[in-house]
Amino acid sequence: MENLNNTSDNKKIRLDFKDSKYATGRRKKSIAKVWVKKGSGNIYVNGIKMNDYFKRPVHQIIVTRPLEISEVRSNYDVKCSVKGGGLSGQAGAIILGISKALIIHDESLKTNLKKDKLTTRDSRVVERKKYGHRKARRSFQFSKR
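Residues numbered from 1 in each chain as written. Predicted model: local features only at pLDDT ≥ 70, side-chain atom pairs only at ≥ 80, totals over all residues. Heavy atoms only, no water.

A. Representation of the pattern of salt bridges. Within the structure shown, the criterion is met by six salt bridges. Among the ionic pairs, Glu68 bridges to Arg73, the shortest N-O distance being 3.3 Å. Assessed through its relative accessible area of 45%, Glu68 is described here as partly exposed. The exposure class assigned to Arg73 is partly exposed, which follows from its relative accessible area of 30%. Each of Arg27, Asp122 and Arg124 takes part in a single network of salt bridges with overlapping partners. (Salt bridge = Lys/Arg side-chain N within 4 Å of Asp/Glu carboxyl O. Buried < 20%, exposed > 50% of the residue type's maximum accessible area, 1.4 Å probe, protein only.)

Here it is in structure tokens:
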């Protein structure tokens, strides 16, 4: 009988991030803890390689955007611990965390990141449902007769 718990494709990796810089990013309901250190350009999300965690290419491009803009894609290793929300919110939280950590690591990167608005939190969240409505703003269907 095979051991189904031991899957080799999504194996969590123990990472050594001793002399790294830390920052937190938030988006919608997601919170990302991000560590950045000098390295070879590897990105790990919750102990899994970024390409295995974010299957959609759009999310992969979003996560690597701060590194691409500051032109340090292959100079830094990134470790993220993210929880809450969906994949888009998590990707947005990771962007903010990476941007903040890069600025802490190297202050000269701030101008490019700030120009592309990657250093500010996106404060848009889901509007709450109101009493007497079907959704936040959508009312129930009105019947004349």
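B. Layout of the sheet that holds strand 1 (residues 21-27). The mixed open sheet is built from five strands, whose spatial order is 1-2-5-3-4. The sheet terminates laterally at strand 1 and strand 4 (48-49), the two strands that pair on one side only. Here strand 3 (residues 43-45) pairs with strand 4 via two bridges, running antiparallel. Each residue of the ladder has a partner; that of Val45, found in strand 4, is Ile48. Here helix 3 (residues 87-105) sits on the sheet in contact with strand 1, strand 2 (30-38), strand 3 and strand 5 (76-83), set at roughly 150° to strand 1. (Pairing = 2+ DSSP bridges. Helix = DSSP H or I, 4+ residues; strand = E, 2+ residues; numbered from the N terminus. Contact = heavy atoms within 4.5 Å. Axes fitted to C-alpha atoms, helices over the stretch in contact; angles between N-to-C directions.)

C. The arrangement of the nonpolar core in detail. If you look at the biggest cluster of nonpolar residues, it comprises 26 residues, and the most contacted ones within it are Val63, Leu67, Val78, Ile94, Ile98 and Leu102. Elements supplying a minimum of two residues to this core: strand 2, strand 3, helix 2 (57-69), strand 5 and helix 3. With eight residues, the top contributor of residues to this core is helix 3. (Core = buried A, V, L, I, M, F, W, Y, C linked by side-chain atoms within 4.5 Å.)

D. Geometry of the pairing of strand 5. Sheet topology places strand 2 next to strand 5; eight bridges connect them, and they run antiparallel. What sits directly across from Trp35, in strand 5, is Lys79. Across three bridges, the pairing between strand 3 and strand 5 is parallel. Bridging from a neighbouring strand, Val45 pairs with Cys80 of strand 5.

E. Quick peek at the pairing of strand 1. Bridging between strand 1 and strand 2 involves seven bridges; their strand directions are antiparallel. Paired with Ala23 across the strands is Val34, a residue of strand 2. Hairpin connection from strand 1 to strand 2: two residues lie between these consecutive antiparallel strands, with Lys28 at a positive phi of about 55°.

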